[in-house]
Every structure is written in C-alpha cells, then in structure tokens.
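# Secondary and tertiary structure notes
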Amino acid sequence: MAKAAVMTGIDQPLEIRDDVEVESPRAGEVKVRMGASGVCHSDLSMVNGTMMAATPIVLGHEGAGVVEEVGEGVTSVKPGDHVVISWVPQCGECFFCQRDQGYLCEQANAALASGGLLDGTTRMTSKGGPLSQMAASGTFSEVTIIPAIGAVKVPDDLDMKVAALIGCGVLTGTGAALNTATIRPGDTVAVVGCGGVGLNVIQGARIAGATEIIAIDMNETKLALAKEFGATQLVNAGETNPVSRVMELTQQRGADVSFEVIGLGETIEQTITMTRRGGEAILVGVPRMDVMLTLPAFFGVVLQGKSIKGCWYGSSNVQKDVPKLVDLYKKGELKLDELISREIKLEDVNEAFDAMKTGEIARSVITY
Ligand code: PAD
Ligand code: ZN
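The rules behind each value
Residues numbered from 1 in each chain as written. Chains lettered and ligands numbered in written order. Predicted model: local features only at pLDDT ≥ 70, side-chain atom pairs only at ≥ 80, totals over all residues. Heavy atoms only, no water. Helix = DSSP H or I, 4+ residues; strand = E, 2+ residues; numbered from the N terminus. Rg over C-alpha atoms; globule rule 2.2 N^0.38 Å. Buried < 20%, exposed > 50% of the residue type's maximum accessible area, 1.4 Å probe, protein only. Contact = heavy atoms within 4.5 Å. Areas by Shrake-Rupley, 256 points an atom, 1.4 Å probe, with all protein chains shown as cover. Near = heavy atom within 4 Å. Polar contact = N/O pair within 3.5 Å; in protein donor to acceptor, adjacent residues only side chain to side chain. Nonpolar A, V, L, I, M, F, W, Y, C, P; charged D, E, K, R; others polar. 1 Å grid on protein atoms, 1.4 Å probe; cavity = no way out; pocket = protein on both sides within 12 Å on 5 of 7 lines; lining within 4 Å. Points joined across faces, edges and corners; volume = space filled by probe spheres on them. Donors = N, O, S within 2.8 Å, 3.2 Å for Na, K, Ca; no water. Arc of directions from axis to C-beta. Phe/Tyr/Trp six-rings, centres within 6.5 Å; stacked < 30°, edge-to-face > 60°. Lys NZ or Arg CZ within 6 Å of the ring centre and 35° of its normal.

### Points about the overall build of the protein
The helix and strand inventory of the protein stands at 11 helices and 18 strands. Taking 368 residues into account, the globule formula puts the C-alpha radius of gyration at 21 Å, and the protein, at 20 Å, falls close to it. Overall, the C-alpha framework of the protein stretches about 60 × 40 × 40 Å when taken along its three principal axes. Taken over 368 residues, the protein has a buried fraction of 57%. Partitioning the intrachain contacts of the protein with sequence separation of at least 6 by distance along the chain shows that 69% fall at a separation of at least 24. Here the protein displays about 14900 Å² of accessible surface, and carbon together with sulfur accounts for 51% of that area.

### Looking at the site of ligand 1
For ligand 1, the set of nearby residues contains 26 residues, the closest of which are H41, S42, D217, I262 and Y313. Between an oxygen atom of ligand 1 and a main-chain N or O atom of V286, the distance comes to 3.0 Å. The contact in question runs from an oxygen atom of ligand 1 to an N or O atom on the backbone of Y313, over 2.8 Å. Looking at the shell around ligand 1, the elements that each hand over two or more residues are α1 (41-47) and α4 (160-180). Tallied by class, the residues present in the shell around ligand 1 amount to 15 nonpolar, 8 polar and 3 charged.

### Description of the layout of surface pockets
Taken as a whole, the second largest pocket encloses approximately 190 Å³ of empty space. What lines the second largest pocket is a set of 17 residues, and nearest its centre among them are G28, L118, P147, A148 and I149. Taken together, the residues of the lining of the second largest pocket sort by class into 8 nonpolar, 5 polar and 4 charged.

### Looking at the coordination of the zinc ion (ligand 2)
Within the protein, the atoms that donate to the zinc ion (ligand 2) are C40 (SG), H61 (NE2) and C168 (SG), at distances of 2.0 to 2.3 Å. Counting residues between consecutive donors of the zinc ion (ligand 2) along the chain gives the motif C-x20-H-x106-C. One end of the pair, H61, is in the loop between β4 (57-58) and β5 (62-70); the other, C168, is in helix α4, with 107 residues separating them in the sequence. Its relative accessible area of 1% is what places H61 among the buried residues.

### Some points on unusual backbone geometry
Among all residues except glycine, the phi angle is most often negative; among peptide bonds, the trans geometry is most common. Following T55, the chain continues into P56 via a peptide bond in cis, with omega recorded as -10°. Examined against the element boundaries, P56 turns out to sit in the loop between α1 and β4. Within the chain, D11 stands out as a residue other than glycine whose phi angle is a positive 65°. With respect to the helices and strands, the residue D11 is situated in the loop between β1 (2-7) and β2 (15-22). With relative accessibility at 57%, the residue D11 sits in the exposed group. Even without being a glycine, K127 presents a positive backbone phi close to 50°. Classification of K127 as exposed rests on a relative accessible area of 60%.

### What about the environment of R33?
Note on placement: R33 falls in strand β3 (residues 29-38). Remark: the alpha-carbon pair of R33 and V83, spanning 50 residues in sequence, is separated by 10.0 Å. When sequence neighbours within four positions are dropped, the list of residues in contact with R33 reads G65, V66, E68, E142 and V143. A distance of 2.5 Å separates a polar atom in the side chain of R33 from a polar atom in the side chain of E68.

### Quick word on the side chain of Q133
Its location among the elements puts Q133 in strand β8 (residues 129-133). According to the relative accessible area criterion, Q133 is buried, its value standing at 0%. Among the polar contacts listed, one links the side chain of Q133 to the side chain of T144, at a separation of 3.3 Å. In contact with Q133, not counting residues within four places along its chain, are I57, V58, G115, G116, L117, T122, R123, M124, G138, T144 and I145.

### Remarks on helix α11 (residues 349-358)
Burial in α11 covers these residues: V349, A352, F353, A355 and M356. Take α11 and look down its axis: the buried residues cluster within an arc of 165°, on one side only. Turned more than 90 degrees from where α11 packs its buried face, E351 and K357 sit exposed. In this fold, the buried residues of α11 make contact with β1, β2, α1, β17 (340-344) and β18 (363-367). Downstream of α11 by one or two residues, G359 has phi in the positive range, about 75°.

### Examining the packing of aromatic side chains
Inspection of every chain in the model, using the stated rule, returns 4 aromatic pairs. A ring pair is formed by W87 and Y313, whose centres lie 4.4 Å apart and whose planes are at 35°; its orientation type is tilted. One end of the pair, W87, is in the loop between β6 (82-85) and α2 (95-98); the other, Y313, is in the loop between β16 (307-310) and α10 (318-330), and 226 residues separate them in sequence. Judged by centre distance (5.1 Å) and plane angle (75°), the ring pair of F95 and F96 falls under edge-to-face. On the basis of relative accessible area, F95 is assigned to the partly exposed category, the value being 45%. Joined through ring pairs, the aromatic side chains of W87, W312 and Y313 make up one cluster. It is R99 that lies over the ring of F95; its NZ or CZ is 3.7 Å from the centre.

In structure tokens form, the structure reads like this:
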C-alpha cells in the first residue's frame, strides 16, 4: 500500500489516501519509489479545471526517485538507479521522435489524453476503483509506475529535490530559451511571469547569451528572485504597463525574443505585442481551453515578420537535455537549489496550491 494525493473533482482539495495499491510494472514499465516531487502550476491547473482530468487521479508530474522494480524487457534502467521522471515519455520511433521532436511523441500524447500509461490503462487502485495517473506519471504518490522510456537516469549524488525540479520546470523553462527560441548573444529578452518555470526561462536566456533580460511579474518577491536568476530589468505589471515599459527599454522596437509563462489571454497578447519586428514570441504558459487569440494579421504579424511559437516541454529531448542540465548545475551555471522555496510533506500539498495562488513562492517540493 502507498500513500498518494488524489484529485476527486474540480476545485476539491486533494485527498490524501493511504490505501493505494500499486501493481507490479508490466513489460516496458518501471516502478519508482519517489524521492521528491515539485508542485507545478500545471497541477493546480488540473484542480481548477484549466486542464482536463479523468478523476479520480493521482496528480504530480515533476518528480524523481529510485527504481525499485523493472518490467519485462527493460534494459535502460535497473533497480537502484536514480531517475528523473519525464512526463513526456519519448519513444524514439514515432513520426515526431524521428524528427528530433520527442517532446511531441505520439505515444506520450496518447497517454496524456488517456490519464493512463502508454496503453491507456493505469497501475493504481484505491477504494476498489482505478486511479488515473497525471501525464503518465502521478508523482504525488510514495510509489508510482511509469513507462521505462519516461525514466531518465541521473547521478546517485544528485539531490532528489533538485532532480525532481529538472523533470518539469527546469526542462521546460531552460528549454524554452535554449531549444524553442533562437536567442543570439547580445539579445534583449522579455519574460512575462517569473514563477518556477519563468525563472528557468530567465536563466536559460542568460546561458544563451542575452544581454538584457526584462522580467515582468506582479509580485515583488518574484521580481527579486528574477534578478538573482539573471534579470537585468524588473517590471511590476501591477504598477506599470509592461508593453509600454518594454518599448521604452528597447528604443520603441520591442524585445528580440519574448516569453509568456503564465497562461492568460491578456498576458499572451502583451507578450506578442512587446516582441519586435522580426522577433519571436514564445508561448509557454498553459491557457484555459476556451482562450482564443485574435491578432491583427497584417499589421500585427505579416508586416512585422514576427514569429509566434508554442513551447511544449521546452522542446526537450529528455535523454540529451537532462544530463546537460545536471552538468550545468554541477558547474554552478544553473541555479536549482534557489528554486526551492519550501520543502513539504505530501499531506501539505493543498497548502502548496494556496501558496502558489499568492504568487509568493517559486516552488514547493514534496519529499517522501
Ligand atoms: P507559477 O504560478 O509558479 O508562476 C506564475 C507567475 O505569474 C507568478 O509569479 C505570478 O505572480 C505571475 N503572474 C500572474 N498573473 C500575472 C500577470 N497578469 N502579469 C504578470 N505576472 C503575473 O507557475 P509556473 O511557473 O509553475 O507555471 C507557469 C505556466 O507554465 C503555467 O501556465 C503552467 O501550466 C505552464 C507550464 N507549461 C509547460 C509547457 O510544457 N508548456 C510545462 C510546465 C508548466
Ligand atoms: Zn509542470
């Protein structure tokens, strides 16, 4: 039996259940004893209905742990290995994986939509019924089963809390800057939203060689953190119009590359508008499904030669990018410890959501 945090319905606090039965891994799967799990805004987006969920479901997708058991045919990892969980398992064989777009893997996409593993079924039960697993993971559980292709081996001496954060916020944020966008040395970058993901966009932009990094948030604590992560200009969007301020800071041209890392229609429009002619607007935040974009097609896009690009999982190739990020962290070029605002227990997960809503913290991390 394992303890897990279960979502039972929209806007309901997660239920902490200790009767969760976790099956043995089937062929191509592994059982992971969780070490740590970050609480990402996408978990909150499941709870508040921004993203669809097949309830009851074990939430959590930003995690790391130790492999306890492997299913038939698994050779990529073995019991005792420390792994980061990739919530986009990348099969390496489908149309997208073959084009080095593993973040769009067809198998991962099907799993995400089903609330189960690669075959659409799930390995957890509670109160006599099946539990779905968020994004083929379900890291808000002491133990979980994931596809072996979603387990990325990391060094044994890497702190589990840090490893967990790599699994979503870090891969997504740094990947947005280093993979999705084309940032040239000397560029001016604007980042709208400086939460757990946005702070990683900022440090990714710094690593890519951006000279000016304009951080935009409504929360002063976040802006102070943004400065620590490499921002050179801070804009409080609650006090100043962020688009006008970015124009002012760029001789009215706009930023070379701008990132939206919140998921609101209003801030997406601001982000596109504050991007210069010929520049790139990268959309990372996950908006509600009914949010539509209306743009002046000629004056806003065509005449401006402007690119608008969606970013899913930092356009990452997890088997290549995770070791690269671990290396950057070990060299001191990537700040990961500084992302951890609070270390909490699984029972405190609902409070972590409350803290996230205030915008005060970068990440709460559950340790098991
Ligand atoms: P977070 O809640 O930690 O950060 C959001 C930040 O936005 C906070 O600092 C807020 O203060 C700030 N904010 C809110 N409203 C405004 C506003 N109007 N103007 C300026 N700032 C504002 O979230 P997060 O960093 O965990 O996640 C950010 C988004 O990224 C969220 O939508 C999440 O679902 C998404 C995400 N996308 C992917 C992907 O693959 N595209 C992966 C992971 C997370
Ligand atoms: Zn996430």
